[in-house]
Amino acid sequence: MRITEFLKDHLLYLDGGMGTLLQAEGLLPGELPERWNLTHPEVITRIHRDYFDAGSHVVNTNTFGANCLKLSDTELEAVISAAIDNARRARDESRGTQPKWIALDIGPTGRMLKPYGDLDFEDAVEIFAKTVRLGARLGADLIVIETMNDSYETKAALLAAKENSTLPVFVSNAYGEDGKLMTGADPFAMVAMLEGLGADAIGVNCSLGPRALYGVVSDYLKYASVPILLKPNAGLPKAEGKRTVYDVTAKEFANDVAELIRRGVRAVGGCCGTTPEYIAATVLATKDIKPSAILPKNITCVSSYTHAVAFEGEPILIGERINPTGKKRFKEVLKANDINYIVSEGIAQQEKGVHILDVNVGLPDIDEVAMLSTAVTELQAVTDLPLQIDTSDAGAMEAALRRYNGKAMINSVSGKKESMDAVFPLAKKYGGVVVALTLDEDGIPETAEGRLAIARRILSVAAAYGIEKKNIVFDPLALTVSADANAAMETLRAVGLIRTELSCHTSLGVSNVSFGLPARDLINGSFFALALGNGLSAAIMNPYSVAMMKTYYAYRALAGLDPNCADYINYAQAMPTPPATAAAEPPRAAGETYASELQRAIVKGLREPAAALTAELIRTVEPLLIVQNEIIPALDRVGVGFEKKTVYLPQLLMSAEAAKSAFEVIKENMKGAAADRSAFVLATVKGDIHDIGKNIVKLILENYGFPVYDLGRDVAPEAIVEKTLELHAPIVGLSALMTTTVPAMEQTIKILREKAPFTKVIVGGAVLNPEYAASIGADFYAKDAMEAVRCAEAVDRAQKK
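Everything numeric here is computed off the predicted structure, so don't read it as measured data.

So, the overall build of the chain
Scanning the chain from N- to C-terminus turns up 30 helices and 25 strands. Here the C-alpha radius of gyration of the chain, 28 Å, is about what a compact globule of 801 residues would show, namely 28 Å. Considered along the principal axes of its C-alpha atoms, the chain spans approximately 85 × 75 × 50 Å. The 801 residues of the chain split such that 59% are buried. Counting contacts in the chain only where the partners sit at least 6 residues apart, residues at least 24 apart contribute 75% of the total. Accessible area of the chain: about 30,800 Å², with a carbon and sulfur share of 52%. If you average the places of the 82 positive and of the 99 negative side-chain charges in the chain, the two averages end up 2 Å apart.

With respect to the pattern of salt bridges
Under the counting rule described, the total for this entry stands at 45 salt bridges. Between Lys604 and Glu351 there is a salt bridge, with its nearest N and O atoms 3.7 Å apart. In this pair, Lys604 is assigned in the loop between α22 (597-603) and α23 (607-617) and Glu351 in helix α13 (residues 339-352), connecting sequence segments 253 residues apart. Residue Lys604 is classed as buried on the basis of its relative accessible area of 13%. Close ionic contact of Lys698 with Asp710 constitutes a salt bridge, the shortest N to O distance being 3.9 Å. Remark: Asp710 occurs in strand β22 (residues 708-710) and Lys698 occurs in helix α26 (residues 692-703); sequence separation between them is 12 residues. You can call Lys698 partly exposed: its relative accessible area is 25%. Asp710 gets classed as partly exposed once you look at its relative accessible area, which sits at 26%.

Notes on the packing of aromatic side chains
Enumeration according to the criterion identifies 9 aromatic pairs in this entry. Aromatic side chains Tyr175 and Tyr220 sit 6.0 Å apart centroid to centroid with 85° between the ring planes, which places their arrangement in the edge-to-face category. In this pair, Tyr175 is assigned in the loop between β5 (169-173) and α8 (187-197) and Tyr220 in helix α9 (residues 214-223), connecting sequence segments 45 residues apart. Across this residue pair, the class does not change: Tyr175 and Tyr220 are buried. With a centroid separation of 6.2 Å and an interplanar angle of 65°, the aromatic rings of Phe330 and Tyr341 are classed as edge-to-face.

Some words on the sheet that holds strand β1 (residues 12-13)
Sheets are built from strands that pair by backbone hydrogen bonding, the pairs being arranged parallel or antiparallel. Taken together, the 8 strands give an open sheet; going across it, the order is β1-β10-β7-β6-β5-β4-β3-β2, and neighbouring strands pair in parallel fashion. Two strands bound the open sheet, and with one partner strand each, they are β1 and β2 (58-60). Lying over the sheet, helix α7 (residues 151-164) contacts β4 (142-148) and β5, oriented at roughly 175° with respect to β4.

Some thoughts on the sheet that holds strand β18 (residues 472-475)
Read around the closed barrel, 8 strands run β13-β14-β15-β16-β17-β18-β19-β20, paired in parallel fashion. Across this sheet, the average inter-strand angle for adjacent strands is 30°, counted without regard to direction. One ladder, built from 3 bridges, connects strand β13 (residues 316-322) with strand β14 (residues 356-359); its direction is parallel. Note that in β14 the partner of Ile318 across the bridge is Ile356.

Topic: the confidence of the model for the chain
Per-residue pLDDT for the chain averages 93, and the proportion of residues at 70 or more is 97%. Here residues 579-590 is modelled with pLDDT under 50, and outside its nearest four sequence neighbours on either side it reaches 20 contacts, counting other chains as well.

Things to note about the packing of helix α14 (residues 368-382) against helix α15 (residues 394-403)
Contact pair α14 / α15: the axes reach a minimum separation of 8 Å and the direction vectors enclose 25°. On the basis of the axis angle, α14 is roughly parallel to α15. Here α14 runs over α15; the crossing is right-handed. Between α14, through Glu368, Val369, Leu372, Ser373, Val376, Thr377 and Gln380, and α15, the contact on the second element is made entirely by Gly395, Ala396, Met397, Ala399, Ala400 and Arg403.

Examining helix α4 (residues 41-54)
A rise of 1.5 Å per residue sets the reference length of α4, with its 14 residues, at 20 Å; its end C-alpha atoms lie 20 Å apart and thus fit the reference within 8%. Every buried residue of α4 is accounted for by Val43, Ile44, Thr45, Ile47, His48, Tyr51, Phe52 and Ala54. Looking at the packing, one finds that the buried side of α4 touches α2 (19-24), α3 (36-39), β2, α5 (73-93), β3 (101-106) and α11 (276-286). A positive phi of about 120° marks Gly55, the residue just after α4.

As for the domain arrangement of the chain
When its domains are assigned, the chain resolves into domain 1 (3-286), domain 2 (301-573), domain 3 (592-669) and domain 4 (680-800). Here the C-alpha centroids of domain 1 and domain 3 sit 40 Å apart. Our enumeration of links across domain 1 and domain 3 arrives at 1 salt bridge. Close ionic contact of Lys645 with Asp178 constitutes a salt bridge, the shortest N to O distance being 3.6 Å. Where domain 1 touches domain 3, the interface holds 0 residue pairs in polar contact (both at pLDDT 80 or more).

Here's the deal with α13
Counted at 1.5 Å a residue, the expected span for α13 with its 14 residues is 20 Å, and the 20 Å between its end C-alpha atoms agrees. Within α13, 10 of the 14 residues are buried, which leaves it mostly tucked inside the rest of the structure. Here α13 has its buried residues at Ile339, Ile342, Val343, Glu345, Gly346, Ile347, Ala348, Gln349, Glu351 and Lys352. Between the side-chain oxygen of the N-cap and the backbone nitrogen of Asn340 there are 3.3 Å, and the N-cap of α13 in question is Asp338. Positioned one or two residues after α13, Gly353 has a phi angle of 110°, which is positive.

Considering the packing of α4 against α5
Where α4 contacts α5, the two axes come as close as 8 Å, and the packing angle between them is 45°. Judged by the inter-axis angle, α4 sits oblique to α5. For α4 against α5, the interelement crossing comes out right-handed. On α5, the residues touching Pro41, Ile44, Thr45, His48, Arg49 and Phe52 of α4 are Asn86, Ala87, Arg89, Ala90, Arg91 and Glu93. Here the residues of the contact of α4 with α5 are counted per class, giving 5 nonpolar, 3 polar and 4 charged.

What to know about the nonpolar core
Ile145, Ile342, Phe474 and Ile631 are the most contacted members of the largest nonpolar core, which has 226 residues in total. At 10 residues, helix α25 (residues 649-670) tops the list of elements feeding residues into this core. The contact partners of Phe474, leaving out residues within four places of it in the chain, are Ala436, Thr438, Ala455, Ile458, Leu459, Ile498, Leu502, Cys504, His505, Thr506 and Ser507. Counting residues in each nonpolar core, the second largest holds 27 residues, with Ala683, Val685, Val732 and Val742 among its members.

Section: the environment of Val248
By the element assignment, Val248 lies in the loop between β9 (243-246) and α10 (250-263). Taking the relative accessible area as the measure of exposure, Val248 reaches 15% and is therefore buried. Distance from Val248 to Leu363, taken between C-alpha atoms, is 60 Å for residues 115 residues apart in sequence. Ignoring any residue separated from it by four or fewer positions in sequence, one finds Val248 in contact with Ala234, Gly235, Phe253 and Tyr278.

Quick notes on the rules
- The numbering scheme is per chain: residues are counted from 1 as the chain's sequence reads.
- For this predicted model, a pLDDT threshold of at least 70 governs which residues receive local features, and a threshold of 80 or more governs which side-chain atom pairs are given and counted, while totals over whole chains, interfaces and linings are taken from all residues.
- The basis for the side-chain values is all heavy atoms of the structure; hydrogens and waters are excluded.
- Where helices and strands are cited, they refer to DSSP runs of H or I of at least four residues and of E of at least two residues respectively, numbered from the N terminus.
- Radius of gyration here uses only the C-alpha atoms, and the compact-globule reference equals 2.2 Å multiplied by the residue count raised to the power 0.38.
- Note on exposure labels: buried denotes an accessible area under 20% of the residue type's maximum, exposed denotes more than 50%, and partly exposed covers the range between, all computed with a 1.4 Å probe on protein chains only.
- In what follows, a contact means two residues having at least one pair of non-hydrogen atoms within 4.5 Å.
- For accessible areas, the Shrake-Rupley method is used with a probe of radius 1.4 Å. Any residue's cover is judged against the shown protein chains and nothing else.
- All tallies of charge rest on Lys and Arg as positive and Asp and Glu as negative; His and the ends of each chain are not included.
- To locate a charge, take atom NZ for lysine, CZ for arginine, CG for aspartate or CD for glutamate.
- Here, a salt bridge means any Lys or Arg side-chain nitrogen found within 4 Å of an Asp or Glu carboxyl oxygen.
- The rule is short: rings of Phe, Tyr and Trp, with Trp giving its six-membered ring, pair when the centres are within 6.5 Å, and they are stacked under 30 degrees, edge-to-face over 60, tilted in between.
- Any two strands with at least two DSSP bridges between them are considered paired.
- Lines are fitted to the C-alpha atoms to define the axes, a helix being fitted only along its stretch in contact, and any angle between axes, read from their N-to-C directions, falls within 0 to 180 degrees.
- The predictor's confidence in any single residue is recorded as pLDDT, a number from 0 to 100.
- Angle categories: roughly parallel below 35 degrees, roughly antiparallel above 145, roughly perpendicular from 65 to 115, and oblique for all the rest.
- Handedness of a crossing follows from how the near helix is turned relative to the far one, being left-handed for an anticlockwise turn of less than a right angle and right-handed for a clockwise one.
- Expected helix span is given by 1.5 Å per residue-to-residue step, counting one fewer step than there are residues.
- The split of the chain into domains comes from an automatic or database domain assignment.
- In the analysis that follows, any N or O atom pair within 3.5 Å is treated as a polar contact, provided that within protein one partner can donate a hydrogen and the other can accept it, and provided that, for residues neighboring in sequence, both atoms belong to side chains.
- The nonpolar class holds Ala, Val, Leu, Ile, Met, Phe, Trp, Tyr, Cys and Pro. Asp, Glu, Lys and Arg form the charged class, and all remaining residues, Gly among them, are polar.
- For the purposes of this section, nonpolar cores are sets of buried Ala, Val, Leu, Ile, Met, Phe, Trp, Tyr and Cys residues that join through side-chain atoms within 4.5 Å.

Structure (structure tokens):
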């Protein structure tokens with residue numbers, strides 16, 4: 001039986017941890033666990049067999065870190081072949097009578113994708129694809145992508161799995177205590193993207209114990225229409241002598257997991273610290289629980305890399321300004337390949353309060369495929385709003401959808417067969433909410449009933465492509481009343497009919513209704529109000545239009561969507577006087593105030609403007625004063641937002657890059673003046689090739705003036721000590737992502753204490769916490785880059801006393 005069929009009616013028991021068990025078997029610090037498939041096959045087989053005997057239906061192959069970044073092509077194939085053979089042998093030897101499957105286990109690369117890191121998206125896809133192709137050819141039954149803490153890398157891995165095999169794919173992400181991934185995605189955003197890409201089951205693993213993941217799992221259950229899986233840690237780790245132990249017992253673990261199964265979780269197992277004992281206890285505690293039905297949620301939503309926007313009650317504003325139609329200046333920008341202008345326009349619209357940005361760069365004179373993909377990528381580097389990809393070029397649409405980090409809105413398809421045949425396969429493959437225009441080969445029907453008929457046909461064809469009704473939003477097309485006095489009323493009737501007859505959402509390009517008329521805002525604002533009253537879900541509109549924004553805030557207050565009319569009052573108090581319809585430099589939203597344009601550029605992550613503004617300012621202001629009064633305050637503003645969870649990692653990194661570009665200008669004018677901060681030696685410990693966290697810390701520390709000596713990843717303790725002694729560095733930062741490499745961190749600290757007692761050690765990584773850090777001898781635990789800065793500043797101050 002295929003595992004996806006089994007999941008429909010049964011609980012599915014997964015396996016537990018591997019790394020901690022291998023450590024108990026003698027895995028050395030820095031040794032690659034995946035090589036044990038070849039050197040210690042009997043150990044790997046016994047662990048798999050113990051999990052099958054405990055009741056697991058699925059064991060993951062010992063291939064979590066098996067990829068071409070760690071292993072040559074020849075060794076990669078040998079490792080994956082041995083790993084699958086070991087699991088297959090365990091299945092054959094197991095005394096368990098339950099159905100059994102072998103999952104090809106795929107973990108993160110340890111590299112951060114562009115624009116925040118140096119790994120290109122397509123390179124990441126190919127790295128995962130090599131592993132997938134081998135696993136599929138060598139006999140895996142399914143693919144499990146797990147412990148992903150970045151939505152973009154998750155997408156790369158899932159695309160690789162879908163494009164290079166026909167196996168079922170389960171995807172599991174690792175969430176922090178704040179309920180978000182490292183790069184900011186919340187559960188709703190991940191559900192939206194992963195379901196859109198066609199994952200067969202999705203869920204949560206690692207990071208925390210089961211009880212601490214209740215909130216994240218509850219969100220998955222609220223939004224997902226596919227089975228939910230859960231593989232939590234056995235609580236939090238701590239060191240007892242040379243052993244790493246966890247603070248949740250097998251019985252406690254099983255009882256907590258049982259509660260989540262009652263709430264609807266369908267597949268359960270364990271991660272760090274769990275053993276066959278934990279799985280056996282879980283099976284015993286849950287075997288009599290009847291699985292909850294997996295129900296479709298029918299939520300129409302799009303997402304970015306941080307959050308989802310749902311079409312539920314609240315009217316959605318889609319900013320229309322990134323579009324060359326009728327905009328001479330924008331056409332010039334596109335021809336000049338001025339991405340900064342496009343990015344600035346996106347940020348300005350976000351400041352005005354739109355929920356989604358429309359992105360249209362279609363001009364005959366440019367390479368739209370390249371430009372649209374670039375615009376989408378650059379916009380996502382500086383704004384977390386979902387994007388509406390707006391093009392009639394199928395090639396440009398696919399290039400942009402492939403690179404998009406989230407579930408995009410797709411603008412558009414029509415009732416023409418040619419259009420549906422081009423767009424729907426892309427929507428099915430990459431996910432997305434498709435804007436469907438109610439026109440066909442015969443044009444736009446004059447009546448609302450005619451448009452409704454086209455909408456029905458579009459839904460029928462979409463279903464044949466496997467696209468659900470929830471992923472179609474209809475645009476019944478606003479036509480100008482200057483040419484047809486009845487045009488507006490027919491469009492409004494169509495909005496109402498689609499809403500009531502089809503239970504579908506609608507979107508309109510509102511300003512089309514006033515084309516050819518003077519004082520267009522008067523018409524647009526009134527038409528917008530009428531459309532909202534008829535059930536309009538979303539409007540593609542100009543957020544700089546006072547009339548449109550007045551209507552939006554007034555409607556929300558009148559419709560009971562604005563508690564205590566708070567948003568309306570704030571808007572009314574900040575409303576521009578006298579009114580303006582648009583401006584080259586639009587007024588910013590209330591609350592978005594900056595001491596200078598340079599600070600704004602840094603906060604918003606605008607690299608080139610930050611450099612240009614610094615170059616202008618340095619003509620009249622001393623370089624060190626610019627650092628003290630402009631750059632550091634801007635970084636502090638972003639850093640405080642990051643610590644308060646109002647700013648997410650990608651925004652922090654882009655702000656740091658903008659600050660870095662400003663610093664480069666400063667350095668050119670300081671003629672080699674030395675930094676007065678303490679030297680900071682930084683490394684990922686022996687055996688660990690994951691350097692995302694380390695690289696983030698380096699970037700932020702350098703922006704705060706610390707000279708960072710980055711030794712790289714997989715660094716031996718002796719090399720770290722040698723550099724520390726050479727520099728007499730008062731600070732050493734050590735990073736580890738995996739439980740199997742924490743002993744190498746502990747060993748490094750021990751040698752530092754002997755050879756360099758003057759240095760303070762800061763540690764960080766997904767498997768650590770303050771108690772565990774203290775137990776291995778660290779002076780500080782930094783949960784993120786900003787906390788590392790605070791620790792470094794404390795040491796630096798102490799050094800200067």
